[in-house]
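# Chain and residue survey
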Amino acid sequence: MRDMFGPAEKSHAAVRRRAPQVAAAIVLDEESGVRRLRVTYRDAGPYIVGWGGTAYEWRSGPASGLPLPADAERAADSIAAALGALAPPEPSDP
């Protein structure tokens, strides 16, 4: 059975949590049949983010081909920063 909560869904959920002002949607890559994340903020985007096997990576836009962190939450912060959106700071340990 196919994992219905794969890398695209994890990054989508992380972007929605970390930077809710960013428009994020899961799209299907017609050529490969793989789900990817499309992100837009104000006049930046839409850009595509995909899973490269070991980390997220930009699939379109000015940073196309560049890696993002493997952790979905950290990738979401990098995506938000690249788009010019503010993400909340990481909570500090007690």
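Residues numbered from 1 in each chain as written. Predicted model: local features only at pLDDT ≥ 70, side-chain atom pairs only at ≥ 80, totals over all residues. Heavy atoms only, no water.

### Points about the overall build of the protein chain
The test is simple: The numbering of helices and of strands both runs from the N terminus, where a helix is a DSSP run of H or I of at least 4 residues and a strand a run of E of at least 2. Here the globule rule is a power law, 2.2 Å times the number of residues to the power 0.38, and the radius of gyration is based on C-alpha atoms. Here's how the labels work: a residue is buried when its accessible area is under 20% of the maximum for its type, exposed when over 50%, partly exposed in between, all with a 1.4 Å probe on protein chains only. For this analysis, residues touch if any pair of their heavy atoms sits within 4.5 Å.
Secondary structure summary: the protein chain contains two helices and four strands in total. Going residue by residue from the N terminus, the α and β elements of the protein chain occur as α-β-β-β-β-α. Relative to the globule expectation of 12 Å for 94 residues, the C-alpha radius of gyration of the protein chain, 13 Å, shows essentially globular dimensions. Within the protein chain, the fraction of its 94 residues that count as buried is 33%. Long-range contacts, defined here as pairs at least 24 residues apart, represent 32% of the contacts in the protein chain between residues at least 6 apart.

### Comments concerning the sheet that holds strand S4 (residues 56-58)
Where we set the bar: Any two strands with at least two DSSP bridges between them are considered paired. Note on definitions: angles span 0 to 180 degrees between N-to-C directions of axes, and those axes are lines fitted to C-alpha atoms, for helices only across the stretch in contact.
Taken in spatial order, the four strands of this open sheet run S1-S2-S3-S4, and their pairing is antiparallel. In this open sheet, the two edge strands, each paired with only one partner strand, are strand S1 (23-28) and S4. If you compare each strand with its neighbour and ignore which way they point, the axes differ by 30 degrees on average. Note: strand S2 (residues 35-41) against strand S3 (residues 44-51), four bridges, orientation antiparallel. Bridge pairing in S3 places Val39 opposite Tyr47. Along the sheet face, helix H1 (residues 7-18) touches S1, S2, S3 and S4 and points at about 170 degrees away from the line of S1.

### Quick word on the nonpolar core
Threshold: By convention a nonpolar core is built from buried Ala, Val, Leu, Ile, Met, Phe, Trp, Tyr and Cys residues, the set being connected through side-chain atoms within 4.5 Å.
Val22, Val39, Val49 and Ile79 are the most contacted members of the largest nonpolar core, which totals 20 residues. Those elements giving two or more residues to this core turn out to be H1, S2, S3, S4 and helix H2 (72-83). If you tally residues by element for this core, the top one is H2, at six residues. With residues near it in sequence (within four places) discarded, Val22 still touches Val15, Arg16, Val39, Thr40, Tyr41, Leu83 and Ala85.

### Thoughts on the side chain of Ser11
Along the chain, Ser11 turns up in helix H1. If sequence neighbours within four positions are ignored, Ser11 has contacts with Leu37, Tyr56 and Ala72.

### Focus: unusual backbone geometry
Looking along the chain, the bond that leaves Gly45 and enters Pro46 is cis, with omega of 10 degrees. In this fold, Pro46 is placed in strand S3. Positioned with a positive phi, Arg42 is a non-glycine residue whose angle comes to about 50 degrees. Tracing the backbone shows Arg42 in the loop between S2 and S3.

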